[in-house]
Amino acid sequence: AIPKWKELVRMAEDCGIRQIALENHGMQLVYNPETLFRLREAVGPMVGMNLDPSHLFWMGGDPIEAARVLGEQGALYHVHGKDSRPERRTSSARFVEYVAVGCGHGSQWWKEFFSTVRMAGYDGDVSLEMEDLTMPMLEGHLTSLRVLKEALVL
């Protein structure tokens, strides 16, 4: 993948692109800070992370520590507001459910997360991803927005 990413970075530079934010999703080339740093070592600082806490939850990672480490390296390029929780039914084909923000991890967790994200130097947008299938879409958005609004108060 490294030769292809070197080519992609060159092409992006030629187009005036300054950053490429890769979402940390399992079974991808970049799925946590360590794998991102390996890619950055090979292709340079154009690539950074789009930190999605929901994926680190189900992979057993710590999104708050990830934000700290990414911030230390200047590699936190974007943040998602998205939550998940383990599926408790043993008969389910899914082991994790994406849920509205606050329905997997409470507002106190989200306050600490966004405080850490800010201390890590990120002051950009937070993209809400609402993939909760347990409630109507509008209700899920409003639930998520209430928690995000509380957590993002400066």
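For the structure itself, consult the block above.
The following paragraphs examine the structure supplied in this document. Since this is a predicted model, take the numbers as computed values, not measurements.

Brief notes about helix H2 (residues 33–43)
For step 1, the next point in the chain: Listing the buried residues of H2 in full gives Pro33, Thr35, Leu36, Leu39, Arg40 and Val43. End-on view of H2: buried residues confined to an arc of 160°, all on one side of the axis. Residues of H2 that are exposed and point over 90 degrees away from its buried face: Arg38 and Glu41.
For step 2, the next point in the chain: At its buried positions, H2 is contacted by helix H1 (2–14), strand S1 (20–23), strand S2 (47–51), helix H4 (63–72) and strand S3 (76–81).
For step 3, the next point in the chain: Positive backbone phi, at 105°, marks Gly44, one or two positions downstream of H2.

So, the pattern of salt bridges
For step 1, the next point in the chain: Across all of its chains, the model carries six salt bridges by this definition.
For step 2, the next point in the chain: For Asp52, the salt bridge is made with Lys82, and the minimal N-O distance between the two is 4.0 Å. Note that Asp52 is positioned in the loop between S2 and helix H3 (53–59) and Lys82 in the loop between S3 and strand S4 (83–86), a separation of 30 residues in sequence.
For step 3, the next point in the chain: The class for Lys82 is buried, based on a relative accessible area of 3%.
For step 4, the next point in the chain: Several salt bridges converge on common partners, so that one network encompasses Asp52, Lys82, Glu129 and Glu131.

With respect to the pairing of strand S5 (residues 96–99)
For step 1, the next point in the chain: Burial along S5 is two-sided: the face carrying Val96 and Tyr98 and the face carrying Glu97 and Val99 are both buried.
For step 2, the next point in the chain: Note: S4 against S5, four bridges, orientation antiparallel. The residue bridging Asp83 from the neighbouring strand is Val99, located in S5.

Quick word on the pairing of S1
For step 1, the next point in the chain: Because side chains alternate across S1, one face comprises the buried residues Ile20 and Leu22, and the other comprises Ala21 and Glu23, none of which is buried.
For step 2, the next point in the chain: Bridge count between S1 and S2: four bridges; the pairing is parallel. Bridging across to S2, Ala21 finds its partner in Gly48.
For step 3, the next point in the chain: What joins S1 to S2 is H2, and the crossover it makes is right-handed.

Calculation notes
- Residues numbered from 1 in each chain as written.
- Predicted model: local features only at pLDDT ≥ 70, side-chain atom pairs only at ≥ 80, totals over all residues.
- Heavy atoms only, no water.
- Buried < 20%, exposed > 50% of the residue type's maximum accessible area, 1.4 Å probe, protein only.
- Helix = DSSP H or I, 4+ residues; strand = E, 2+ residues; numbered from the N terminus.
- Arc of directions from axis to C-beta.
- Contact = heavy atoms within 4.5 Å.
- Salt bridge = Lys/Arg side-chain N within 4 Å of Asp/Glu carboxyl O.
- Pairing = 2+ DSSP bridges.
- Right-handed = clockwise from strand over helix to strand, strands pointing away.

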